[in-house]
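Below, each chain spelled out in residue letters.
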Amino acid sequence: MVSSAPQFYLHVRLYIDVLVMIGSLIVQAIALIHCVTQRGDGFQAIGTLPKGAWIAILAVCMVLTYVIGPIGIFGLVGLAAALIYLLDVRPGLRDLSDGKGFW
């Protein structure tokens, strides 16, 4: 009975890590897909980084999250970059286009 506790702990941690990895990659993929489908001049109009810079940041962070994992520093930075894009840049682009986009 005592020896089963570490095995249970490892299985629970594995499942939690996989769920966090999938959730983080989904958020980053949504941000990357949205960034790719937007017009480039809209980024300059709202006063943020250019479209190419956002694509590079989001793509590199997504790859690093997949390779290293979501719990490391690069995974957390990648998730933060995706959330900044989704919560700051995306509403600005939507307001710029009068909300007529498909997102």
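I will try to describe carefully the structure that is included in this document. Everything quoted here is computed from the prediction, not taken from an experiment.

## Overview of the side chain of Gln-28
Part 1 of the argument: Its location among the elements puts Gln-28 in helix α1 (residues 4-37).
Part 2 of the argument: If we ignore the near neighbours within four places in the chain, the residues touching Gln-28 are Cys-61, Met-62, Thr-65, Gly-75, Gly-78, Leu-79 and Ala-82.

## Considering the environment of Gly-40
Part 1 of the argument: With respect to the helices and strands, the residue Gly-40 is situated in the loop between α1 and α2 (41-45).
Part 2 of the argument: Sequence separation of Gly-40 and Lys-51 is 11 residues, and the distance between their C-alpha atoms is 5.4 Å.

## Considerations on helix α3 (residues 51-68)
Part 1 of the argument: Relative to the 26 Å expected for 18 residues at 1.5 Å per residue, α3 spans 25 Å between its end C-alpha atoms, a close match to the ideal helical length.
Part 2 of the argument: Looking at α3, one finds that the buried residues are Trp-54, Leu-58, Cys-61 and Thr-65. Projected down its long axis, α3 carries its buried residues within an arc of 70 degrees, all on one side. Exposed positions of α3 whose direction lies more than 90 degrees from the buried face are Val-63, Tyr-66 and Val-67.
Part 3 of the argument: Where α3 terminates, the next one or two residues include Gly-69, which has phi positive at roughly 120 degrees.

## Focus on the pattern of salt bridges
Part 1 of the argument: In this structure the tally under the stated criterion is 2 salt bridges.
Part 2 of the argument: For Arg-39, the salt bridge is made with Asp-41, and the minimal N-O distance between the two is 2.6 Å.
Part 3 of the argument: What makes Asp-41 partly exposed here is its relative accessible area of 43%.

Conventions adopted
- For every chain, the first residue of its written sequence is number 1, and the numbers climb from 1 along that sequence.
- Local features in this predicted model are restricted to residues whose pLDDT is 70 or higher, and side-chain atom pairs enter the listing and the counts only when it is 80 or higher, whereas totals over whole chains, interfaces and linings include all residues.
- Excluded from the side-chain calculations are hydrogens and water; all other atoms, namely the structure's heavy atoms, are used.
- Only DSSP runs of H or I covering at least 4 residues are called helices, and only runs of E covering at least 2 are called strands; the numbering of each starts at the N terminus.
- Whether two residues are in contact is decided by their heavy atoms, any of which lying within 4.5 Å being enough.
- Multiplying one less than the number of residues by 1.5 Å gives the expected span of a helix.
- Relative accessible area decides the class of each residue, using a 1.4 Å probe on protein chains only: under 20% of the type maximum gives buried, over 50% gives exposed, and in between gives partly exposed.
- In this description, the arc belongs to the directions extending from the helix axis to the C-beta atoms.
- By salt bridge we mean one thing: a side-chain nitrogen of Lys or Arg within 4 Å of a carboxyl oxygen of Asp or Glu.

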